[in-house]
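# Structural features, examined
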Amino acid sequence: MDRGKGHPIVYLHENGGLQPSPSHELLAQTFRVITLELPENPRSASIEDLARNLNAAVAALGIERYSVIGTSFASTVALWMAILRPESVEAIVLSAPGVPPRDESFEKCAAELPQPVLVLLGTDDKVTPPECGRLYSELLRSCHIVFVYGAAQAIDADRPEAFASLVGDFVTRKEQFVVRETSALIHPER
Amino acid sequence: MMMKASLFCSAKYAAPVPDDVWPLPGTYYSPDVAVRSMQTTFDQFRLADEYGFDWVTCAEHHFSPMSLTPNPMVMAGALCQVVRRAKIAVLGPTIPILNPVRVAEEFAMIDVMSNGRLVAGMMRGTGNEYVTYNINPSESRERFAEAVGLIRRCWTELEPFGWEGEYYQYRTVSIWPRPVQNPHPPMFMSTSSPEAAEFAARNGIGAGFAFTTVPQAKKSVTHFRECAQAAGWEPTPDNVIYRAAFHVAETDEQAFADMATLPPRVSLTNKNKALSEAVTKSGYFGSDFAGQTTRNATRGLAERIELGQIVVGSPETALKQVRRIHDEIGAGIIDLVVGVQLGERTMRSIELFGSKVLPLMHEF
């Protein structure tokens, strides 16, 4: 899928293949959304090599700057994409990420990432270990954890509107997304 | 396992005012009476603490002389200084109409100020409360479920976090102070309806029965225990609270004579016909509409005693009534409401219960 106009967001799916999600359509109303198909058994390949290939695929689309969403295991791929091309990746979203790899070189590089990272965790997720939020907070320089209420591991499928609105706001405003911008006026038509 | 008692003094406005109106206009209000009412409340809580009551209770109600604690957290904060030994049970804030992060923060403050004596009630409140802060009662259960999850997360999550909910949205939360009790203060909620009992059981929350009857609470507590078992835990009597009005005097005759002035109980929602109809229409009462509305019906004193809604009599009689509540419901805590304020006789009732009933209850 390559749909929409605006700042490019690259979406990396979880294990089990790319599933269409209403959240992609919602994001495509404001952003250019590119979903990339990952190999069926990516764990057998080097994650670093996979990230390098994906960066090349994005570059081949003529995209110089983009944000990336990594879902589940693909969170590590997303972080590697940013490590390998720090000048290209603006913001990183990790949706229900697994435990970060205990790999010295990865940890060293991830700790130096300048990009803001949004970690999304579903409150009904029985798969993602609960300590993940803390582990990413310790690992990364700029990490923001958000719990998505009522979502299990597939957050973008379970709460598509919440996912799209949160990701859109974060990708646009980065760390400043903590400050509310929407109005609370009851009758704004005045 | 000892049975415990809590004193619930609602800080009732201590002067005659119309009892069939909600909301009651401020034209009936006298600040002197309000100040006196608060002092009486503190005197009663202090006395209960001295006489060995295990807990004291306060709760949230709005726009009514029935209770002058629209924010029970403020009362609980004061009780941290007034009550030296008893636990402070806030039963509770009306969760769906409040800011859950604020609730988590205020509860944490009370737990710290009381050095870990907080009992945290999570209530949906009565239908009228939804008018006070302009919240749609049809969304009450969903708001409640989400808010309780968020409050627990505020207490237990050590990293700053955001919350993307259905009714609540926060981008950064990291509360200070945090509760003394680990992982968090004991939680209770009203479990009279089947939906509420199922939610409490799934979430490891204690059961509370208020303004119901012993037969109805017995049915509800059975449902709660079955659901808890299905969820993998076994509630103990310490997980079950039963609330009843009370008055104890030297003799049965005196106690009944004192209670002759007790007005029939009319729920706040039912004091306003349009409100009551709209709340009913909203689906607020859930699937067990008949049970949830009849448990609150207006009844005479004799029937209320028979149904276990009120404990009245000499210490011996009161003990028997409490024993029945313990045995039939398996409640480990009885939350005793001062039904009608009778000055010195109410103080004596607290003394008598504390000195003559409580020590025997503690042996149940």
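Each remark here, short or long, concerns the structure printed above.
### Details of the overall build of chain A
- Helices and strands together make up the secondary structure of chain A, namely seven helices and seven strands.
- Starting at the N terminus, the α and β elements of chain A follow one another as β-β-α-β-α-β-α-β-α-β-α-β-α-α.
- In terms of overall size, chain A behaves like a compact globule, its C-alpha atoms giving a radius of gyration of 16 Å where 190 residues would be expected to give roughly 16 Å.
- Counting only C-alpha atoms and orienting by the principal axes, one finds that chain A spans roughly 60 × 40 × 30 Å.

### Focus: the interface of chain A and chain B
- Taken together, the contacts link 15 residues of chain A with 14 residues of chain B.
- Note on chain A versus chain B: buried area summed over both sides is about 1400 Å², and carbon and sulfur give 55% of it.
- Together, Ile145, Phe147 and Tyr149 of chain A form the three largest contributors to the area buried by chain A at its contact with chain B, with a combined 47%.
- Counting across the interface, chain A meets chain B through one salt bridge.
- With its nearest N and O atoms 2.6 Å apart, the salt bridge here joins Arg171 of chain B to Asp169 of chain A.
- For the interface between chain A and chain B, the tally reads ten residue pairs in polar contact (both at pLDDT 80 or more).
- For the side of chain A that touches chain B, the secondary-structure elements that each account for two or more residues are helix H5 (132-139), strand E7 (143-148) and helix H7 (160-173) of chain A.
- Classifying every residue of the side of chain A that touches chain B by side-chain character gives nine nonpolar, three polar and three charged.
- Sheet analysis places E7 of chain A next to strand E5 (residues 161-164) of chain B, joined by four bridges and oriented parallel. Residue pairing in the sheet places Ile145 of chain A in a bridge with Phe161 of chain B of E5 of chain B.

### Describing unusual backbone geometry
Residues and elements named next belong to chain B.
- Looking along the chain, the bond that leaves Trp22 and enters Pro23 is cis, with omega of -5°.
- Looking at where Pro23 falls in the secondary structure, it is placed in the loop between strand E1 (4-8) and helix H1 (31-50).
- Here the residue pair Trp176 and Pro177 is connected by a cis peptide bond, since its omega of -5° sits within 30 degrees of zero.
- For Pro177, the location among the structural elements is in the loop between strand E6 (169-173) and strand E7 (187-190).

### Quick word on the environment of Phe177 of chain A
- Examined against the element boundaries, Phe177 of chain A turns out to sit in the segment after H7.
- On a C-alpha basis, the gap between Phe177 of chain A and His144 of chain A in space is 10.0 Å, while along the polypeptide they are 33 residues apart.
- For Phe177 of chain A, the residues in contact, after removing those within four places along its chain, are Leu118, His144, Val146, Leu166, Asp169 and Phe170 of chain A together with Arg171 of chain B.

### Quick notes on the pairing of strand E2 (residues 8-12) of chain A
Residue and element names in this part refer to chain A.
- For E2, the tally of buried residues reaches five of five residues, placing the bulk of the element in the interior.
- Residues Pro8, Val10 and Leu12 line one face of E2 and the alternating positions Ile9 and Tyr11 line the opposite face, and both faces are buried.
- In the sheet, E2 pairs with strand E3 (residues 32-36) via five bridges, with the strands oriented parallel. Counterpart to Tyr11 in the pairing with E3 is Thr35.
- Each parallel crossover has a hand, and for E2 linked through helix H1 (residues 22-27) to E3 it is right-handed.
- Strand direction decides the pairing type here: E2 and strand E4 (residues 66-71), joined by four bridges, are parallel. The residue of E4 that forms the bridge with Ile9 is Ser67.

### Some words on the state of the cysteines
- Going through the model one piece at a time under the given rule, you end up with zero disulfides over all chains.
- Of the cysteine sulfurs around Cys132 of chain A, a residue in no disulfide, the closest is that of Cys143 of chain A, at 11 Å.
- On the basis of relative accessible area, Cys132 of chain A is assigned to the buried category, the value being 0%.
- Counting only cysteine sulfurs, Cys80 of chain B is the nearest neighbor of Cys58 of chain B, a cysteine outside any disulfide, at a range of 9.4 Å.
- Judged by relative accessible area, Cys58 of chain B falls into the buried class, the value being 1%.

### With respect to the pattern of salt bridges
- Going through the model one piece at a time under the given rule, you end up with 26 salt bridges over all chains.
- Between Lys174 of chain A and Glu90 of chain A there is a salt bridge; the shortest N-O distance is 3.3 Å. With Lys174 of chain A in the segment after H7 and Glu90 of chain A in strand E5 (residues 89-95), the pair connects residues that are 84 residues apart, well separated along the chain.
- The shortest N-O distance in the salt bridge between Glu157 of chain B and Arg153 of chain B comes to 3.9 Å.
- Overall, the relative accessible area of 15% leaves Glu157 of chain B in the buried class.
- A single network of salt bridges, built from pairs that share partners, joins Asp169, Arg173 and Glu181 of chain A together with Glu164 and Arg171 of chain B.

### Some points on helix H3 (residues 74-84) of chain A
- Within H3 of chain A, ten of the eleven residues are buried, which leaves it mostly tucked inside the rest of the structure.
- For H3 of chain A, the set of buried residues is Ala74, Ser75, Thr76, Val77, Ala78, Leu79, Trp80, Met81, Ala82 and Ile83 of chain A.

Rules and cut-offs
Residues numbered from 1 in each chain as written. Chains lettered and ligands numbered in written order. Predicted model: local features only at pLDDT ≥ 70, side-chain atom pairs only at ≥ 80, totals over all residues. Heavy atoms only, no water. Helix = DSSP H or I, 4+ residues; strand = E, 2+ residues; numbered from the N terminus. Rg over C-alpha atoms; globule rule 2.2 N^0.38 Å. Contact = heavy atoms within 4.5 Å. Buried area = accessible area lost by both parts, 1.4 Å probe. Salt bridge = Lys/Arg side-chain N within 4 Å of Asp/Glu carboxyl O. Polar contact = N/O pair within 3.5 Å; in protein donor to acceptor, adjacent residues only side chain to side chain. Nonpolar A, V, L, I, M, F, W, Y, C, P; charged D, E, K, R; others polar. Pairing = 2+ DSSP bridges. Buried < 20%, exposed > 50% of the residue type's maximum accessible area, 1.4 Å probe, protein only. Right-handed = clockwise from strand over helix to strand, strands pointing away. Disulfide = S-S within 2.5 Å.

Structural measurements only, silent on function.
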